[in-house]
Amino acid sequence: MSSDPVYADLHTHTHCSDGTLPPDTLVRRAAERGVEALAVTDHDTTAGLKDARRAAHAHDIRLVTGVELSTEVDGHAVHLLGYGFAPGHPVLADYLASFTARRRERLRRMVQRLADQGIDVSSDTIDRHVGASAAPGRPHLARALTEGGHVDTYRDAFEQYLGAERPAYVPAPTQPAGEAIDAVHAAGGVTVVAHPGQWMPSTVLRTLRDRGLDGIECYASSHPEYLVDYYQKICRSHALLMTGGSDYHGGTGTENTELGSVGLTRGPWERFEDAAL
């Protein structure tokens, strides 16, 4: 990664999914940290974009419409980032509304599994932690368990109950990646695979490209330099967009990467902007 300052952080979350900050606070903090362009990419919802856009105008920062979509390819969980779409487009809106309903059903099943273990978490407590989120999930339940004294820490909630193969775990809902790509494209946007890391098989990436994937998040907090170089080479070889972001959630729980610490410097941002927005 260049030593130049980050110009665009294209991967952040608000309390409309599993982050802790309201959209306007997130935008203000990004501006204070010198970020010039910001994408709010909440999980499977665009509920925070209206408030984020209003705050971006007030703080003179470029807002990129964004969303992070939970998908799968041949049994592999894959997160996709969508950018530059029309948030109100009916195809994308219907896709996201269906996903929110499935997320709420997953949360209900996890609460029931906790009850089966003798742990009762009140609906009022859960509702307070879910708050404005249109994408309720394990982070909200972990905070409720911590507040209720059922575990000592947020991390303990995952290690004892909510992590994979733990008693209250229910797999996250997913959709075939091709359907997510089609929905974002229908709304005029582009799709990028998020933080692919070391795990992504070449067959999965090839399938995504064949289904219309537009880019790769090369710059991610989980990517050491050799992975950044690796994914940059793939992007150049296949004419894919390069993006990057901090995956900032508000600095609590297990997500502590600083806002604006990872992303695109000015030159890569301008190439992304010209090609995708």
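Refer to the structure printed above.
Presented here is a report on the structure given in the accompanying data block. None of these values were measured; they are calculated from a predicted model. (Residues numbered from 1 in each chain as written. Predicted model: local features only at pLDDT ≥ 70, side-chain atom pairs only at ≥ 80, totals over all residues. Heavy atoms only, no water.)

Observations concerning the packing of aromatic side chains
Then, number 1: Scanning the model with the defined rule gives 6 aromatic pairs in all.
Then, number 2: Each ring, one from Tyr95 and one from Phe99, has its centre 6.4 Å from the other, and the planes form 20°; the classification is stacked. Taken together, the positions of Tyr95 and Phe99, both in helix H3 (residues 90–116) and 4 residues apart, correspond to about one turn of that helix.
Then, number 3: Ring centres of Trp269 and Phe272 lie 6.0 Å apart, and the angle between their planes is 40°; this geometry places the pair in the tilted category. Remark: Phe272 and Trp269 occur in helix H10 (residues 266–276); sequence separation between them is 3 residues, near one turn of the helix.
Then, number 4: Chaining the aromatic ring pairs together yields one cluster made of Tyr7, Tyr83, Trp269 and Phe272.
Then, number 5: Across from the ring centre of Phe99, 5.5 Å away, lies the NZ or CZ of Arg102, which sits over that ring. (Phe/Tyr/Trp six-rings, centres within 6.5 Å; stacked < 30°, edge-to-face > 60°. Helix = DSSP H or I, 4+ residues; strand = E, 2+ residues; numbered from the N terminus. Lys NZ or Arg CZ within 6 Å of the ring centre and 35° of its normal.)

Here we look at unusual backbone geometry
Then, number 1: We note that Asp60 has phi near 55°; this positive angle belongs to a residue other than glycine.
Then, number 2: Residue placement: Asp60 occurs in the loop between helix H2 (49–59) and strand S3 (62–73).
Then, number 3: A relative accessible area of 69% means that Asp60 is categorised as exposed.
Then, number 4: The phi dihedral of Asp74 falls on the positive side, at around 50°, and the residue is not glycine.
Then, number 5: Structurally, Asp74 is set in the loop between S3 and strand S4 (76–83).
Then, number 6: Given the relative accessible area of 64%, Asp74 is considered exposed. (Buried < 20%, exposed > 50% of the residue type's maximum accessible area, 1.4 Å probe, protein only.)

Remarks on the packing of H3 against helix H5 (residues 138–147)
Then, number 1: At a closest axis distance of 10 Å, the pairing of H3 and H5 adopts a crossing angle of 35°. Note on packing geometry: the crossing formed by H3 with H5 is right-handed. Side by side, H3 and H5 meet where Arg106, Leu107, Met110, Val111 and Leu114 of the first sit next to Arg138, Leu141 and Leu145 of the second.
Then, number 2: Each residue belonging to the contact of H3 with H5 can be placed in one class, and the counts come to 6 nonpolar, no polar and 2 charged. (Axes fitted to C-alpha atoms, helices over the stretch in contact; angles between N-to-C directions. Left-handed = near helix turned anticlockwise from the far one by under 90°. Contact = heavy atoms within 4.5 Å. Nonpolar A, V, L, I, M, F, W, Y, C, P; charged D, E, K, R; others polar.)

Re H10
Then, number 1: Looking only at H10, the buried set comprises Pro268, Trp269, Phe272 and Ala276. Down the axis of H10, the smallest arc covering the buried residues is 100°, so these residues share one side. Pointing more than 90 degrees away from the buried face of H10 are the exposed residues Arg271 and Asp274.
Then, number 2: At its buried positions, H10 is contacted by strand S1 (8–12), strand S2 (37–40), S3, S4, strand S6 (190–193) and strand S8 (241–245). (Arc of directions from axis to C-beta.)

As for the pattern of salt bridges
Then, number 1: This model, assessed by the stated rule, comprises 9 salt bridges.
Then, number 2: Between Glu105 and Arg108 there is a salt bridge whose closest N-O contact spans 2.8 Å. Separated by 3 residues within a single helix, Glu105 and Arg108 lie in helix H3, roughly one turn from each other.
Then, number 3: By relative accessible area, Glu105 is classed as partly exposed at 36%.
Then, number 4: The residue Arg211 makes a salt bridge to Asp182 at a minimum N-O spacing of 3.1 Å. Residue Arg211 is found in the loop between helix H8 (202–210) and strand S7 (215–220), and its partner Asp182 is found in helix H7 (residues 177–186); the two are separated by 29 residues along the sequence. (Salt bridge = Lys/Arg side-chain N within 4 Å of Asp/Glu carboxyl O.)

With respect to the environment of Ala142
Then, number 1: Structurally, the position occupied by Ala142 is in helix H5.
Then, number 2: Spatially, the C-alpha atom of Ala142 lies 21 Å from that of Leu69, the residues being 73 residues apart in sequence.
Then, number 3: When residues no more than four places from it in sequence are discounted, the contact partners of Ala142 are Tyr154, Ala157, Phe158 and Leu162.

Quick notes on the pairing of S4
Then, number 1: In this sheet, S4 lies alongside S3 in antiparallel orientation, the contact comprising 8 bridges. In the strand pairing of S4, Val73 is matched with His76.
Then, number 2: Counting the residues between successive antiparallel strands, the hairpin from S3 to S4 contains 2 residues, one of them, Asp74, with a positive phi of roughly 50°. (Pairing = 2+ DSSP bridges.)

Quick notes on the packing of helix H4 (residues 123–130) against H5
When two helices pack together, their arrangement is given by the angle between their axes and by how far apart the axes lie.
Then, number 1: It is at 9 Å that the axes of H4 and H5 come closest, and there the two elements cross at 130°. As judged from the angle between their axes, H4 and H5 are oblique. Of the two elements, H4 crosses H5, and the hand of that crossing is right-handed. Contacts between H4 and H5 involve Thr125, Ile126, Arg128, His129 and Val130 on the former and, on the latter, His140, Leu141, Arg143, Ala144 and Glu147.
Then, number 2: Partitioned by chemical class, the residues of the contact of H4 with H5 number 4 nonpolar, 3 polar and 3 charged. (Parallel < 35°, antiparallel > 145°, perpendicular 65-115°, else oblique.)

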